[in-house]
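Next come the chains, spelled out residue by residue.
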Amino acid sequence: MRTISSVLGSLARVVSTSLMLLFAVTTLHAQDVKEGEKIFKSKCTSCHAIDRKVVGPALKGIPETKDEAWLIKWIRNSQALIASGDAEAVKIFEEYNKSVMTSFTDLSDDQIKSVLAYITDASKEKPKDGPGGTAAAKDDNASMFMILGLIAVVILAVVVIVVLNRVIRTLENVIAKNQEAIAAQEEPEDSQRFVKFAKAFVKNKKLVGFTVLMLVALLAVGGWKTMWNVGVHEGYKPVQPIKFSHQIHAGVNKIECQYCHGGAFKSKNASIPSANVCMNCHNTVTASEHYNGDISPEIAKIYRALDWNPETRTYGNNPKPIQWVRIHNLPDFAYFNHSQHVVVAGVECQTCHGPIQNMEEVYQYSPLTMKWCVDCHKKTDIKSDNKYYEDLIKAHERIKKGEKMTAAMIGGLECGKCHY
């Protein structure tokens, strides 16, 4: 068996090495285009796409219609070229409402030429298979001899693997038959032992009673735990209509929770932000550098909800609400006020919601049961250095002096005192 395994491993390594050599040969010629594609996606896709207008113009065919030396100057520092009085540069600057293009003084001439090579390559019409024509063969510089040799190695490996597989199956069948024969001889002895044990167990009334009692206790404990957790949704993680990542926004980009959930500071509810809040950033941030120059599918969902056209940068007349799925949901008889905890007590969002800045998809981190809340109230110190407690202290001082105090003077007219 070890010899067979080593042969199979050697064959796999031969096939893998052959494929790697073929891949290296076929990709050697595209180094400049690949470098240009990498630079383009990291620096250019926020404003440009190959075949459509974003913030700047579509770049399809630009390297063929413009002088390469002029393009290198424009890409490196367009403002310097405009300041020099270049007529073409001034014309483009005026045409796009004097929008300033980012300068790329860190790029060398060769790197800019690689970007232009990528734009030229990406601008080419890709031939399609079908009745109308055949796909163009790739110029992979691989000789026919290498291809035929690789095919021969693969076929030989497949034949050897099939033959060895049949030998292994035959050996396994022989071993299995021998094991069945041994088991058939031992079965009567094992069955007799079980029968003797069962008879002895039934005759022992105390042991039977103890076993029944243990089963009842086990079922009672399991039933109690099940009923105790009814309505507790700890770990609940529904699928949302848009894959919003708190890890990217709150973790990587360090956006404050209250930027989107402003209600946590001033009301009972933390509130869900409207899509217009999203557009404060995603009006220009499209994450196209991660999607080959196209708008991120998740950001595109925001545009569709607002009926926003990124090409014309205008809103339509058919907006639709985003159907978010609620995660944290307290019973109707429970009153919880975010502002009381966040502003007065200074409780961090992570205390209840967990490491939200690390969550790719949000889930309910805490059980949110009465016991959980009570335990927190028992161990949390009061932060008296805030206006809420200062007003209470002033109220007590006035009562001690015998001054008149009404419920309205200590917040009795607030809506939340009576209405949820």
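Rules of the game
Residues numbered from 1 in each chain as written. Predicted model: local features only at pLDDT ≥ 70, side-chain atom pairs only at ≥ 80, totals over all residues. Heavy atoms only, no water. Patch = residues over 30% accessible without salt bridge, like charges linked within 9 Å, V, L, I, M, F, W, Y side chains within 5 Å. Areas by Shrake-Rupley, 256 points an atom, 1.4 Å probe, with all protein chains shown as cover. Salt bridge = Lys/Arg side-chain N within 4 Å of Asp/Glu carboxyl O. Helix = DSSP H or I, 4+ residues; strand = E, 2+ residues; numbered from the N terminus. Buried < 20%, exposed > 50% of the residue type's maximum accessible area, 1.4 Å probe, protein only. Arc of directions from axis to C-beta. Contact = heavy atoms within 4.5 Å. Phe/Tyr/Trp six-rings, centres within 6.5 Å; stacked < 30°, edge-to-face > 60°. Lys NZ or Arg CZ within 6 Å of the ring centre and 35° of its normal. Expected span 1.5 Å × (residues − 1). Polar contact = N/O pair within 3.5 Å; in protein donor to acceptor, adjacent residues only side chain to side chain.

Among the surface-exposed residues, L148, I151, I155, V159, V163, V167 and L171 lie close enough to one another that they form a single nonpolar patch of about 600 Å² accessible area. Tracing the backbone through its elements, the reader meets V167 in helix α8 (residues 144-203).

The next thing to look at is helix α6 (residues 87-95). The complete set of buried residues in α6 reads A89, I92 and F93. End-on view of α6: buried residues confined to an arc of 100°, all on one side of the axis. Exposed residues lying more than 90 degrees from the buried face of α6 are A87, K91 and E95. On the buried face of α6, the contacting elements are α4 (68-76) and α5 (78-83). Of the residues trailing α6, N97 is marked for its positive phi of about 55°.

A separate point is the packing of aromatic side chains. Inspection of the entire model under this criterion finds 5 aromatic pairs. Each member of the aromatic cluster is reached from another via a ring pair, and the members are Y303, W308 and Y315. The residue whose ring lies beneath K66 is W70, and the NZ or CZ to ring-centre distance is 5.9 Å.

Our focus in this paragraph is helix α9 (residues 205-228). An α-helix turns once per 3.6 residues; consequently, residues spaced three or four apart project the same way. For α9, built from 24 residues, the straight-helix expectation of 34 Å at 1.5 Å per residue is met to within 8% by its first-to-last C-alpha distance of 35 Å. Put simply, N204 is the residue that caps the front of α9, since its side-chain oxygen is 3.4 Å from the backbone nitrogen of K206.

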